[in-house]
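# Reading the structure
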Amino acid sequence: MDLGKRLISTTTDGQPPAPGMERGEAPQPVNPATGQHGAYWVLNEEERAKGFVRPVRSSYRHVGVRPKHPLRDLTAEEQERFKDLGYVKFEQYPDGESCVGKYWTKFALSSGCGAVTTMGLALAETYARNPRYYGATFCTGCSIHLPVAEFVWYGTEERVGS
């Protein structure tokens with residue numbers, strides 16, 4: 001965490017960060033039994049009191065990442081070239097995109113366990129005040145932290161972090 005962000009942040013448990021975690025993604029290490037950190041960074045009360053740029057939402061659903069454009073089967077040449085990588089489909093991007101497309105694995109196409117995770121108020125208010133504060137969030141179904149782009153706010157199709 002950069003110094004500017006750290007100056008307007010505190011921890012969910014109100015305790016100082018663990019030694020060596022002052023600039024880390026979270027102020028406490030991951031608990032191996034739960035997959036969650038012992039505490040998380042949040043914007044301090046003064047910063048959250050300035051108001052919200054998004055609604056305060058406390059639950060999100062793990063939907064994974066999906067292709068935006070039609071998929072096609074791999075050609076015989078692509079199947080041979082990528083046989084050890086597990087690719088099963090190719091997403092062709094429209095003309096004008098910076099890349100021509102993306103190869104997808106079966107795992108990636110089925111990502112998103114569907115679990116709904118609910119977080120505490122300070123975390124929810126931090127997202128509402130600064131939607132880009134976090135780059136990853138916890139999935140209670142998968143028991144791991146994943147990029148926020150894999151989640152939508154519960155009851156909407158709006159991506160977390162947008």
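Residues numbered from 1 in each chain as written. Predicted model: local features only at pLDDT ≥ 70, side-chain atom pairs only at ≥ 80, totals over all residues. Heavy atoms only, no water.

## Considerations on the sheet that holds strand β3 (residues 59-62)
Rule in force here: DSSP calls a pair of strands paired once it identifies at least 2 bridges connecting them. Working definition: helices are DSSP H or I runs of at least four residues, strands are E runs of at least two. Numbering for both runs from the N terminus. Note on definitions: angles span 0 to 180 degrees between N-to-C directions of axes, and those axes are lines fitted to C-alpha atoms, for helices only across the stretch in contact.
Strand order in the open sheet made by the three strands is β7-β3-β10, with antiparallel pairing throughout. Two strands close off the open sheet at either side, each with one partner strand: β7 (116-118) and β10 (151-153). Between one strand axis and the next, the sheet turns through 30° on average, direction left out of account. Where β3 lies against β7, three bridges are found, and the strand directions are antiparallel. Within the sheet, the bridge partner assigned to Y60 lies in β7 and is T117.

## Describing the packing of aromatic side chains
Aromatic ring pairs are reported here in terms of the distance separating the ring centres and the angle at which the planes meet. The following threshold applies: When two rings of Phe, Tyr or Trp (its six-membered ring) have centres within 6.5 Å they constitute a pair, described as stacked for plane angles under 30 degrees, edge-to-face for angles over 60, and tilted for the intermediate range. Residue exposure (1.4 Å probe, protein chains only): buried if accessible area is under 20% of the type maximum, exposed if over 50%, otherwise partly exposed. A positively charged side chain is recorded as over a ring if its NZ (Lys) or CZ (Arg) lies within 6 Å of the ring centre. The angle to the ring normal must also be within 35 degrees.
Applying the stated rule across the entire model yields nine aromatic pairs. Measuring from ring centre to ring centre gives 4.6 Å for F90 and Y103, while their planes differ by 55°; the resulting arrangement is tilted. One end of the pair, F90, is in strand β5 (residues 87-92); the other, Y103, is in strand β6 (residues 101-105), and 13 residues separate them in sequence. Among the residues examined, F90 registers a relative accessible area of 5% and is labelled buried. Owing to a relative accessible area of 22%, Y103 belongs among the partly exposed residues under this scheme. Each residue in the set Y60, Y127, Y133, Y134, F151 and W153 is aromatic and connected to the rest through ring pairs, giving one cluster. For the cation-ring pair, K5 lies above Y133, with the distance from its terminal atom to the ring centre recorded as 4.2 Å. One cation-aromatic arrangement involves K102 over W104; the distance from NZ or CZ to the ring centre is 4.0 Å.

## Some words on the side chain of R57
Which entries qualify depends on this criterion: Two N or O atoms form a polar contact when they lie within 3.5 Å of each other; inside protein one atom must be a possible hydrogen donor and the other a possible acceptor, and for residues adjacent in sequence the pair counts only when both atoms belong to side chains. The contact criterion used is simple: two residues touch if any of their non-hydrogen atoms lie within 4.5 Å.
Within the secondary structure, R57 is located in the loop between α2 (45-48) and β3. A polar contact is formed between the side chain of R57 and the side chain of E158, at a distance of 3.0 Å. Filtering out sequence-adjacent residues up to four positions away, R57 remains in contact with M119, A124, W153, T156 and E158.

## Some words on the pairing of β3
Inspection of the sheet shows β3 paired to β10 by three bridges, in the antiparallel sense. Bridge assignment links Y60 to a residue of β10, and that residue is W153.

## Side note on the environment of R81
Structurally, R81 is set in helix α3 (residues 76-81). Residues R81 and C139 lie 58 residues apart in sequence; the distance between their C-alpha atoms is 34 Å. At 2.8 Å, the side chain of R81 forms a polar contact with the side chain of E77.

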